[in-house]
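# An overview of the molecular structure
Here are the chains, one letter per residue:
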Amino acid sequence: MPATDTTRGPAGTAVLPALRFENVVKRFGDHTVLDGLNFEVAKGERVTLIGPSGSGKTTILRLVMTLEHLTDGFIYVDGDPLTHELRGGRRVERRPKDVARLTTKIGMVFQQFNLFPNMTVLENITEAPVHVLGRSKGEAERRARELLDQVGLADKAHAHPTRLSGGQQQRVAIARALAMDPEILLLDEVTSALDPELVGEVLGVLRDVARSTDITMLIVTHEMQFAAEVSDRVLMFDQGRIVEDAPPGVMFSDPGEERTQAFLQAVL
Ligand SMILES: Nc1ncnc2c1ncn2[C@@H]1O[C@H](COP(=O)(O)OP(=O)(O)OP(=O)(O)O)[C@@H](O)[C@H]1O
Ligand SMILES: [Mg+2]
């Protein structure tokens with residue numbers, strides 16, 4: 001079911017979607033991964049992407065994070081074109097300065113944590129708020145300690161990431177993303193690299209983030225129970241296309257498409 005273009009804000013004003021893909025094409029060489037993809041995510045909405053390996057889920061998140069170059073089409077953040085815009089009827093790249101202004105609204109947590117190994121936990125979390133947002137060191141550290149408390153790692157501020165378990169490292173990575181006050185949080189299989197007994201602590205932190213903030217979330221996960229709990233909508237992908245778009249209650253118990261049924265049967 002296609003989402004509507006805009007929803008209504010409190011004062012009856014139009015609220016633009018947090019994220020909109022318009023005819024997005026992504027090719028790697030002559031391999032077309034996304035072929036005219038259209039979807040949107042409303043402000044505050046939690047959307048989970050599911051689908052087989054290679055269907056383009058990570059590519060979608062990396063395009064939003066501007067870690068991949070968009071082959072064609074447009075991505076809008078809060079109605080603002082992210083990397084390309086139409087000017088005088090031509091599709092042109094936006095200036096790096098404009099792109100950077102939008103990407104500071106977006107945070108991402110990766111499967112492999114990607115912490116800076118040569119920095120302490122506290123330095124990992126304060127680096128971007130200080131250097132990108134221009135916050136004072138004191139202010140950034142205060143916020144970092146609050147976040148470390150929230151993710152249950154108040155006592156690890158001065159530890160180096162290599163001394164932490166995978167679950168602890170991933171909780172630091174979540175705190176680091178939140179320290180930038182993102183409007184949109186992208187989560188790419190954040191528990192897939194963890195030993196099974198560490199998955200729960202990371203999902204617990206994310207449930208708490210989902211409950212206690214109104215951050216828009218775009219999630220790729222194989223943790224279907226978690227997806228069912230936190231998602232407003234689930235999109236089933238196959239070969240770079242949306243096969244089905246449904247609330248979790250429908251997607252996980254009564255999917256309409258055979259492709260979804262087969263996929264869920266294989267993973268559940
Ligand atoms: N840098 C790259 N160069 C060439 N091909 C790529 C690159 N990144 C991704 N691809 C290809 O794009 C397709 C989609 O990959 P993507 O990583 O988005 O899939 P995915 O749905 O995240 O899969 P998985 O569930 O395994 O993580 C795959 O066929 C992949 O091989
Ligand atoms: Mg992936």
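Residues numbered from 1 in each chain as written. Chains lettered and ligands numbered in written order. Predicted model: local features only at pLDDT ≥ 70, side-chain atom pairs only at ≥ 80, totals over all residues.

Taken together, Phe 28, His 31, Val 33, Gly 51, Ser 53, Gly 54, Ser 55, Gly 56, Lys 57, Thr 58 and Thr 59 make up the full set of residues adjacent to ligand 1. Listing elements by their share of the shell around ligand 1, those giving two or more residues are strand E4 (31–41) and helix H1 (57–64). Of the residues in the shell around ligand 1, the class split is two nonpolar, eight polar and one charged. (Near = placed C-beta within 6 Å. Helix = DSSP H or I, 4+ residues; strand = E, 2+ residues; numbered from the N terminus. Nonpolar A, V, L, I, M, F, W, Y, C, P; charged D, E, K, R; others polar.)

If you look at the biggest cluster of nonpolar residues, it comprises 66 residues, and the most contacted ones within it are Ile 174, Ala 175, Leu 186 and Leu 218. Broken down by element, the residue count for this core peaks at six residues, all from helix H5 (residues 166–178). Built from parts of two domains, this core gets at least three residues from each of domain 1 (1–44 + 51–104 + 232–268) and domain 2 (115–180). Beyond its immediate stretch of four places on either side in the chain, Leu 186 contacts Leu 61, Val 64, Met 65, Ile 106, Gly 107, Met 108 and Leu 218. (Core = buried A, V, L, I, M, F, W, Y, C linked by C-beta atoms within 7 Å. Buried ≥ 20, exposed ≤ 12 C-beta atoms within 10 Å, placed from the backbone. Domains from an automatic or database assignment. Contact = placed C-beta atoms within 7 Å.)

In this section: the environment of Gln 112. With respect to the secondary-structure elements, Gln 112 resides in the loop between strand E10 (106–109) and helix H3 (121–131). Between the C-alpha atoms of Gln 112 and Gly 56, which are 56 residues apart in sequence, the distance is 18 Å.

Let us now look at the UniProt feature "domain: ABC transporter" (unreviewed entry) in the chain. UniProt's entry tags residues 19–264 with the feature "domain: ABC transporter" (unreviewed entry), counted in the numbering of this structure. The straight-line gap between the two end C-alpha atoms of residues 19–264 is 26 Å; of that span, 37% is helix and 28% is strand. (UniProt positions renumbered as here; feature names shortened; annotations may be inferred.)

Domain parsing of the chain yields domain 1 (1–44 + 51–104 + 232–268) and domain 2 (115–180). Taking only C-alpha atoms, the centre of domain 1 and the centre of domain 2 are 29 Å apart.

Here we take up the packing of H3 against H5. Packing of H3 against H5 leaves a shortest axis separation of 8 Å and a crossing angle of 25°. When the axis of H3 is compared with that of H5, the two are roughly parallel. By crossing handedness, the relation of H3 to H5 is classed as right-handed. Here Val 121, Asn 124 and Ile 125 of H3 come into contact with H5, specifically with Val 172, Ala 175 and Arg 176. For the contact of H3 with H5, the class distribution of residues is four nonpolar, one polar and one charged. (Axes fitted to C-alpha atoms, helices over the stretch in contact; angles between N-to-C directions. Parallel < 35°, antiparallel > 145°, perpendicular 65-115°, else oblique. Left-handed = near helix turned anticlockwise from the far one by under 90°.)

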